[in-house]
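An overview of the molecular structure
Letter by letter, the chains look like this.
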Amino acid sequence: MNSGFDCASRNEMELVMSQGVAPERIIFANPCKKISDLEYAQQSGVRKMTFDNEAELQKIRQRFPDAQLILRCLASDPSATYSLGSKFGASSATSVKLLQCAKSWGLSVVGVSFHIGSNAKDPTAFDKAIQNSREVFDAGLRTGHDMHLLDIGGGFSAHNFDAMASSIRQCIGKYFCGIDVEIVAEPGRYFAAGALTLACGIIGRRDAAANDEDKENRHMLYLNDGVYGTFICNIFEPGPQPKVLRASGDFYPLDSEDEYERYTIWGPTCDGTDCVAESVALPKSLAIDDWLYFPEMGGESFFPL
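In this report, the structure presented in the accompanying data block is examined. Bear in mind the structure is a predicted one, so any value in this text is a computation, not a measurement.

1. Examining the overall build of the chain
Scanning the chain from terminus to terminus reveals 9 helices and 14 strands. Burial status across the chain gives 45% buried among its 305 residues. Counting contacts in the chain only where the partners sit at least 6 residues apart, residues at least 24 apart contribute 66% of the total. For the chain, the accessible area works out to roughly 15,400 Å², and carbon and sulfur atoms hold 51% of it.

2. Brief notes about the nonpolar core
The biggest cluster of nonpolar side chains holds 49 residues, and the ones touching the most others in it are Met-13, Met-49, Leu-69, Phe-114, Phe-126 and Ile-130. Broken down by element, this core gets its largest block of residues, 7 residues, from helix α5 (residues 125-143). Listed in part, the 20 residues of the second largest apolar core include Phe-231, Tyr-263, Val-276 and Phe-294.

3. Observations regarding the pairing of strand β3 (residues 48-51)
Burial of β3 is two-sided: the residues Lys-48 and Thr-50 facing one way and the residues Met-49 and Phe-51 facing the other way are all buried. Sheet topology note: the β3/strand β4 (residues 68-72) ladder contains 4 bridges and is parallel. Following the sheet pairing, Phe-51 is matched in β4 by Leu-71. Crossover β3 to β4 through helix α3 (residues 54-63) is right-handed.

4. A word on the packing of aromatic side chains
Working definition: an aromatic ring pair is given by the centre-to-centre distance plus the angle between the planes. Following the criterion strictly, the structure yields 3 aromatic pairs and no others. Across the ring face of Phe-28, the terminal group of Lys-33 is positioned such that the distance to the ring centre comes to 5.7 Å. We note Arg-134 situated over the ring of Phe-176; from NZ or CZ to the ring centre the distance is 5.8 Å.

5. Here we look at the packing of helix α1 (residues 10-18) against helix α2 (residues 35-44)
In the contact formed by α1 and α2, the axes pass within 9 Å of each other and the chain directions differ by 25°. Judged by the inter-axis angle, α1 sits roughly parallel to α2. Of the residues in α2, those in contact with Arg-10, Met-13, Glu-14 and Met-17 of α1 are Asp-37, Tyr-40, Ala-41 and Ser-44. In terms of residue class, the contact of α1 with α2 is built from 4 nonpolar, 1 polar and 3 charged.

6. So, the sheet that holds strand β10 (residues 243-247)
Taken in spatial order, the 7 strands make up an open sheet running β11-β10-β14-β8-β9-β12-β13, and their pairing is mixed. Two strands bound the open sheet, and with one partner strand each, they are β11 (250-251) and β13 (275-283). Relative to β13, strand β12 (residues 260-266) runs antiparallel, the two sharing 6 bridges. Across the sheet, the residue bridging to Trp-266 is Cys-275, located in β13.

7. Some details on the pattern of salt bridges
Scanning the model with the defined rule gives 8 salt bridges in all. Between Asp-207 and Arg-205 there is a salt bridge; the shortest N-O distance is 2.6 Å. By relative accessible area, which is 24% here, Arg-205 ends up partly exposed. Residues joined by salt bridges that share partners form a network here, namely Lys-33, Glu-56 and Lys-59.

8. Examining helix α4 (residues 92-104)
The first and last C-alpha atoms of α4 sit 19 Å apart over 13 residues, in line with the 18 Å expected at 1.5 Å per residue. For α4, the complete set of buried residues consists of Ser-95, Leu-98, Leu-99, Cys-101 and Ala-102. Down the axis of α4, the sector holding all buried residues measures 165°, keeping them to one side. Facing away from the buried surface of α4 by more than 90 degrees, the exposed residues are Ala-93, Lys-97 and Ser-104. In this fold, the buried residues of α4 make contact with β3, α3, β4, β5 (108-113) and α5. Gly-106, located one to two residues past α4, shows a positive phi value of around 80°.

9. Digging into the environment of Gln-170
Within the secondary structure layout, Gln-170 lies in helix α6 (residues 161-175). When the C-alpha positions of Gln-170 and Asp-127 are compared, they lie 8.6 Å apart, and in sequence the two are 43 residues distant.

10. A few points about unusual backbone geometry
With phi around 50°, Ser-279 is a residue other than glycine that occupies positive phi space. Along the chain, Ser-279 turns up in strand β13. The phi torsion at Asp-289 lies on the positive side, around 80°, for a residue other than glycine.

What counts as what
- Residues numbered from 1 in each chain as written.
- Predicted model: local features only at pLDDT ≥ 70, side-chain atom pairs only at ≥ 80, totals over all residues.
- Heavy atoms only, no water.
- Helix = DSSP H or I, 4+ residues; strand = E, 2+ residues; numbered from the N terminus.
- Buried < 20%, exposed > 50% of the residue type's maximum accessible area, 1.4 Å probe, protein only.
- Contact = heavy atoms within 4.5 Å.
- Areas by Shrake-Rupley, 256 points an atom, 1.4 Å probe, with all protein chains shown as cover.
- Core = buried A, V, L, I, M, F, W, Y, C linked by side-chain atoms within 4.5 Å.
- Pairing = 2+ DSSP bridges.
- Right-handed = clockwise from strand over helix to strand, strands pointing away.
- Phe/Tyr/Trp six-rings, centres within 6.5 Å; stacked < 30°, edge-to-face > 60°.
- Lys NZ or Arg CZ within 6 Å of the ring centre and 35° of its normal.
- Axes fitted to C-alpha atoms, helices over the stretch in contact; angles between N-to-C directions.
- Parallel < 35°, antiparallel > 145°, perpendicular 65-115°, else oblique.
- Nonpolar A, V, L, I, M, F, W, Y, C, P; charged D, E, K, R; others polar.
- Salt bridge = Lys/Arg side-chain N within 4 Å of Asp/Glu carboxyl O.
- Expected span 1.5 Å × (residues − 1).
- Arc of directions from axis to C-beta.

Any functional reading would require information that these geometric values do not contain.
See the structure below:
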């Protein structure tokens, strides 16, 4: 559909280009690149790439001086599920110094990027980031760079996409009015969140003892997948609640009036942290070889996006 692609490694660039995507449609958007991956980008013609520090600039200067550089600026939504500002992004003062450094080394900076955090929740977080981007843009133009690209990153999710889009439109209209700029975004989680439904088989069941004081929450189900597999993001955030696919050997009827109990759901490993969900209400009749399913698992199992 003529979209672009944000790639973070050689493997991702190879995968995208194997589908017939031209290297001009790829941004190597990892501010800390392995030298071997940088050399691959140079050989493959993937020229657009991000940076946020002088050491990375030096690396690019030595291996790919003709690259089209995008300065990753600091931005953050404190309410985001996964904050990225502690790892990547240059402050405003550092950004100006990096623009000057790149110019003195004969490197070409063509734009600015930021990422407010994965699964962001505050639409207004884009306001400050876009305003700051315009300031860095102007600093780049004053330094002599051909600034024409703004990458507003990701952070979008289905429940707040409209609010995010409205805020972004207003901010771009306010801060980038009258300037010729290409706007790109990285809505990875937004696209992938509903990409798949996961079905898991029940491989074991353990019932709480009759005299167990915590009986309500101590019934246990063991699945054939866990946090060391598809549920890895359950370590950091609550995952989708399970639903019954098959109970007592039959596909679960929608009008069933089965009695419910509370379960702790575990993965298949011997590790005590391999917990998929706690205190989940499910039918009392569930048994070994029955099946549960988890909707909208894409954004969880495919992170980071």
